[in-house]
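Take a look at the letters that make up each chain.
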Amino acid sequence: MTGLPRKQSPVNPARCAIDITYPAYRTKLGSCPISITSDNPAAVLAAVPALLGFYPINSLVAIGLPDITAADVPVVLRMDPPRPDNIDEMLRHLVLPLAQHQVNSVVLVIVADDSDPAWRAVLLECVSLMQAVDIAVVMQIWTNAIQTGWRWWCGQELAYGGVQGEIAATTASMVSAGWPVSARREDIAVPLAADPAAALARRASLLAAQQQDPTSDPAKAGRALLDRVRSALDTTSVDDVALTDVDVVELTVALADHRVRDACLHIEQLADQLRAERLWTALTRATPAPHRAEPASMLAFLAYSRGHSVLAGIAITLAEAANPDHGLSGLLRSALTIGLKPDRIMTAGALAAQLAEEALGT
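Here is a short report on the structure shown in this document. (Residues numbered from 1 in each chain as written. Predicted model: local features only at pLDDT ≥ 70, side-chain atom pairs only at ≥ 80, totals over all residues. Heavy atoms only, no water.)

**Topic: the sheet that holds strand β7 (residues 136–143)**
If you trace the 7 strands from one edge of the open sheet to the other, you get β1-β5-β3-β6-β7-β8-β9, paired in mixed fashion. Strands with a single pairing partner mark the edges of an open sheet, and in this sheet they are β1 (18–21) and β9 (160–163). Pairwise comparison of adjacent strand axes, ignoring direction, gives a mean angle of 20° for this sheet. Inspection of the sheet shows strand β6 (residues 105–111) paired to β7 by 7 bridges, in the parallel sense. Within the sheet, the bridge partner assigned to isoleucine 110 lies in β7 and is tryptophan 142. (Pairing = 2+ DSSP bridges. Helix = DSSP H or I, 4+ residues; strand = E, 2+ residues; numbered from the N terminus. Axes fitted to C-alpha atoms, helices over the stretch in contact; angles between N-to-C directions.)

**Here's the deal with unusual backbone geometry**
Residue proline 290 is reached from alanine 289 by a cis peptide bond, and omega for that bond is 5°. You can see proline 290 is positioned in the loop between α12 (273–286) and α13 (293–305). In this structure, asparagine 58 is a non-glycine residue whose phi angle is positive, near 45°. Assignment of secondary structure puts asparagine 58 in the loop between α3 (41–52) and β3 (59–65). A positive phi angle is found at glutamine 102, which is not glycine, with a value near 50°. The residue glutamine 102 is located in the loop between α4 (87–100) and β6 in this model. Using a relative accessible area of 53% as the deciding quantity, one classes glutamine 102 as exposed. (Buried < 20%, exposed > 50% of the residue type's maximum accessible area, 1.4 Å probe, protein only.)

**Focus: helix α5 (residues 117–132)**
Here α5 is 16 residues long and its end C-alpha atoms lie 23 Å apart, about the 22 Å a rise of 1.5 Å per residue gives. Where α5 is concerned, the buried positions are Trp119, Val122, Leu123, Cys126, Val127, Leu129 and Met130. Angularly, the buried residues of α5 cover 165° about the axis, an arc narrow enough to put them on a single face. Exposed and oriented more than 90 degrees from the buried face of α5 are Pro117, Leu124, Gln131 and Ala132. Here α5 starts with a cap whose side-chain oxygen sits 2.9 Å from the backbone nitrogen of alanine 118, and that cap is aspartate 116. Directly beyond the C-terminal end of α5, a positive phi value near 65° is found at aspartate 134. (Expected span 1.5 Å × (residues − 1). Arc of directions from axis to C-beta. Polar contact = N/O pair within 3.5 Å; in protein donor to acceptor, adjacent residues only side chain to side chain.)

**A few points about the packing of aromatic side chains**
Going through the model one piece at a time under the given rule, you end up with 2 aromatic pairs. Centroid distance tryptophan 152 to tyrosine 160: 6.3 Å. Interplanar angle 80°. Geometry classified as edge-to-face. We classify tryptophan 152 as buried; its relative accessible area is 8%. Residue tyrosine 160 is classed as partly exposed on the basis of its relative accessible area, which comes to 48%. In this structure, arginine 120 packs its charged tip against the face of tryptophan 142, placed 4.9 Å from the ring centre. (Phe/Tyr/Trp six-rings, centres within 6.5 Å; stacked < 30°, edge-to-face > 60°. Lys NZ or Arg CZ within 6 Å of the ring centre and 35° of its normal.)

This is how it looks when you write it as structure tokens:
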């Protein structure tokens, strides 16, 4: 696949634990826009779960803004608490995604115990780093939890504060627009939990028994495999997806042909993106390693393109665990680490799909 950064050795997300979201791309796809003003801490806190897609805990959240007044939000980053010996290293991984989106100001939010001195050190280091790269910190907010009625503190010395207002209204508007807001980050990964070991072992045996006909025409065989995947994309239920062992094996064999896989990366040509997300999710659950990397990377690509980059990061991690040398997931990891804009991911996918279809003769 072309158009994405070369595969490199970015920071391991399991160690670094940085999430990136792109709210502006959700707006492009028909969701409700979220704008924030840098003079209303309570409103900023109310927007954070909708901006991230979940309620953060024990986290630093950096909300990038293109100016210091009010704007739609192009990029949001959330970071787990770093170790004391790598605060600077971790924080530097916030800067590149902000630069990718021409951010020149940022709102910093700490969601953690206000008595924790480690987070105070992180906040000070982050402010210093932002100033060093000419990104203005227009607001610093601290709260123990994002919850209606809980207190917040603000200002350089967190010298003044107030009480959070109603949180549910903002998140409800996102949910009604088709963008779920989870109670916890871990909840986003629940639909991707692997099927029982016995089922995975059974399918692994079936996949191991697959043999390619050496006399078949490669392009013709590839077109048949692509037709199988496209048929599944057209008929997948948007509710409950039930895959038989035969379905899993056939689709896994099809996606193993990277011409077939790449031909499905043109997101704007999908008849129904929600059906595609359901199919890739179900296949990620149902497919044994190392084959699991294919549907997981397809889910990651789709989620990234649609602005669901937290889901994309989780899916990439699953693909990497299934096959550490998997090419597409490695490219997506590099793109996510540097904060490559989702529209560039979509452009790369469209180009990859064009080249794949030419190779298949479609």
